[in-house]
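The residues making up each chain are set out below.
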Amino acid sequence: MKPLATPPEPSALSREEEQAEVIRRLEEDIIFGRFAPGSRLVEDTLMSRYGASRHFVRQGLFQLERQGIVLREKNIGATVRFYSAEEVRQIYEVREMLTRQAALMIALPAPAGLIEQLSELQRQYCARADAQDLRGIHEANDAFHVALFSACGNPYLVRSLQDYMNLTLPMRAKNLADKEGLALSRRQHELMIELLKGRDSWALAQLCVDHMQYSKSDYLGRIAADDKPQ
């Protein structure tokens, strides 16, 4: 009788995959509120938490600093970026302008291929929401919006939008776990798809801007609550 073959051991992550995993976990801890705004990000603590080398942790912090999620200051080190109410309003002003312009540039009625693509992404978004998969919700949501705005035909505008989507991640990610906010997001996605089948570009653009208001208002409300004296 032949001996049973030993199952292959799982292959070790490559350096690039290990680096990406550290960045993913660090980003997740920040955007889902495990590290609060203003919290210090101590390299030794992160090395222990992620089982990663100092080099990978440091590269992860550099990457998230470029995205605007982490702030690095001399003699202080790295902290989770905190935005004041005025900064939040200013960031959203820019994001709203970019969003409106991109939506207005989408030719309507949209091609069937785009409708099919967005419908499939929406199906995935709803499935992640039903499973309460926060990371999956975040990724499916961003994939939906990148696909939608890519239809504007200007890759530089889309890239700018993605930069501001990343910048607002800590502000909007909490709502991925909020039943009311998630239900509203799902309904608005469905309505966007319906509007793409018509010819009212202004209605589509306004809906895309309105879509951001729930998370913005919620974040500003939380800032105001934190500022109240105990």
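Residues numbered from 1 in each chain as written. Predicted model: local features only at pLDDT ≥ 70, side-chain atom pairs only at ≥ 80, totals over all residues. Heavy atoms only, no water.

**Remarks on the overall build of the chain**
Then comes step 1: Each helix and strand counted, the chain has 11 helices and two strands in total.
Then comes step 2: Starting at the N terminus and walking to the C terminus, you meet the elements of the chain as α-α-α-β-β-α-α-α-α-α-α-α-α.
Then comes step 3: Classification of the 230 residues of the chain by burial places 42% in the buried group.
Then comes step 4: For the chain, long-range pairs separated by at least 24 residues make up 72% of all intrachain contacts whose partners lie at least 6 apart in sequence.
Then comes step 5: Carbon and sulfur atoms make up 52% of the accessible area of the chain, which totals about 13,000 Å². (Helix = DSSP H or I, 4+ residues; strand = E, 2+ residues; numbered from the N terminus. Buried < 20%, exposed > 50% of the residue type's maximum accessible area, 1.4 Å probe, protein only. Contact = heavy atoms within 4.5 Å. Areas by Shrake-Rupley, 256 points an atom, 1.4 Å probe, with all protein chains shown as cover.)

**A look at the pairing of strand 2 (residues 77-80)**
Then comes step 1: Alignment of strand 1 (residues 70-73) against strand 2, held across four bridges, turns out to be antiparallel. Looking at strand 2, one finds that Glu-73 is bridged to Gly-77.
Then comes step 2: Counted between consecutive antiparallel strands, the loop separating strand 1 from strand 2 contains three residues, among which Asn-75 sits at a positive phi close to 70°. (Pairing = 2+ DSSP bridges.)

**A few points about unusual backbone geometry**
Peptide bonds are trans in most cases, and residues, glycine excluded, mostly fall at negative phi.
Then comes step 1: The linkage connecting Leu-108 with the following residue, Pro-109, adopts the cis geometry, with an omega of -5°.
Then comes step 2: Looking at the element boundaries, Pro-109 is found in the loop between helix 4 (85-104) and helix 5 (112-130).
Then comes step 3: Here the phi dihedral of Asn-75 falls at roughly 70°; this positive angle occurs in a residue that is not glycine.
Then comes step 4: When you line up the elements, Asn-75 lands in the loop between strand 1 and strand 2.
Then comes step 5: Relative accessible area serves as the criterion here: at 77%, Asn-75 is assigned to the exposed category.

**Side note on helix 5**
Then comes step 1: Taking 1.5 Å of rise per residue, 19 residues should cover 27 Å, and helix 5 covers 27 Å from first to last C-alpha, within 8% of that figure.
Then comes step 2: Turning to helix 5, the residues buried within the fold contact helix 6 (134-150) and helix 9 (179-196).
Then comes step 3: At the exit of helix 5 stands Gln-132, carrying a positive phi of roughly 55°. (Expected span 1.5 Å × (residues − 1).)

**Looking at the pattern of salt bridges**
Then comes step 1: One pass over the full model with this rule turns up 19 salt bridges.
Then comes step 2: Between Glu-27 and Arg-135 there is a salt bridge whose closest N-O contact spans 2.9 Å. Of this pair, Glu-27 sits in helix 1 (residues 15-31) while Arg-135 sits in helix 6; the two residues are 108 residues apart in sequence, bridging distant segments of the chain. As far as burial versus exposure is concerned, Glu-27 and Arg-135 are alike and both buried. (Salt bridge = Lys/Arg side-chain N within 4 Å of Asp/Glu carboxyl O.)

**Overview of the nonpolar core**
Then comes step 1: Leu-26, Ile-30, Phe-35, Leu-41, Leu-46 and Leu-61 are the most contacted members of the largest nonpolar core, which has 27 residues in total.
Then comes step 2: Of all the elements in the fold, those that place two or more residues in this core are helix 1, helix 2 (43-50), helix 3 (54-66), strand 2, helix 5 and helix 6.
Then comes step 3: At five residues, the largest contribution of residues to this core is made by helix 1.
Then comes step 4: Ranked by size, the runner-up nonpolar core spans 26 residues in total, among them Leu-121, Phe-144, Leu-204 and Leu-207. (Core = buried A, V, L, I, M, F, W, Y, C linked by side-chain atoms within 4.5 Å.)

**Some remarks on helix 3**
What sets the pattern is the α-helix's 3.6 residues per turn: residues three or four places apart point alike.
Then comes step 1: Given a rise of 1.5 Å per residue, 13 residues ought to cover 18 Å, and the 18 Å separating the end C-alpha atoms of helix 3 matches this to within 8%.
Then comes step 2: Buried residues of helix 3: Phe-56, Val-57, Gly-60, Leu-61 and Leu-64, and no others. End-on, the buried residues of helix 3 take up no more than an arc of 140°, which puts them together on one face.
Then comes step 3: Tucked into the core, helix 3 has its buried residues touching helix 1, helix 2, strand 1 and strand 2. (Arc of directions from axis to C-beta.)

**Some remarks on the confidence of the model for the chain**
Then comes step 1: Residues with a pLDDT of 70 or more make up 91% of the chain, whose mean pLDDT is 88.
Then comes step 2: Mean pLDDT in the chain bottoms out at helix 8 (residues 169-172), which sits at 80, and peaks at helix 10 (residues 201-210), which reaches 98. (pLDDT = per-residue confidence, 0-100.)

**Overview of the environment of Asp-142**
Then comes step 1: Here Asp-142 falls in the buried class, since its relative accessible area comes to 12%.
Then comes step 2: Put simply, Asp-142 and Asn-166 are 24 residues apart on the chain and 9.5 Å apart in space, counted from C-alpha to C-alpha.
Then comes step 3: Those residues within four positions of Asp-142 in sequence are excluded, and the remaining contacts are Met-165 and Arg-172.

**So, the side chain of Glu-96**
Then comes step 1: Relative to the helices and strands, Glu-96 is located in helix 4.
Then comes step 2: Judged by relative accessible area, which is 17%, Glu-96 ranks as buried.
Then comes step 3: Contacts of Glu-96, omitting those with residues within four sequence positions, involve Val-209, Met-212, Gln-213 and Lys-216.

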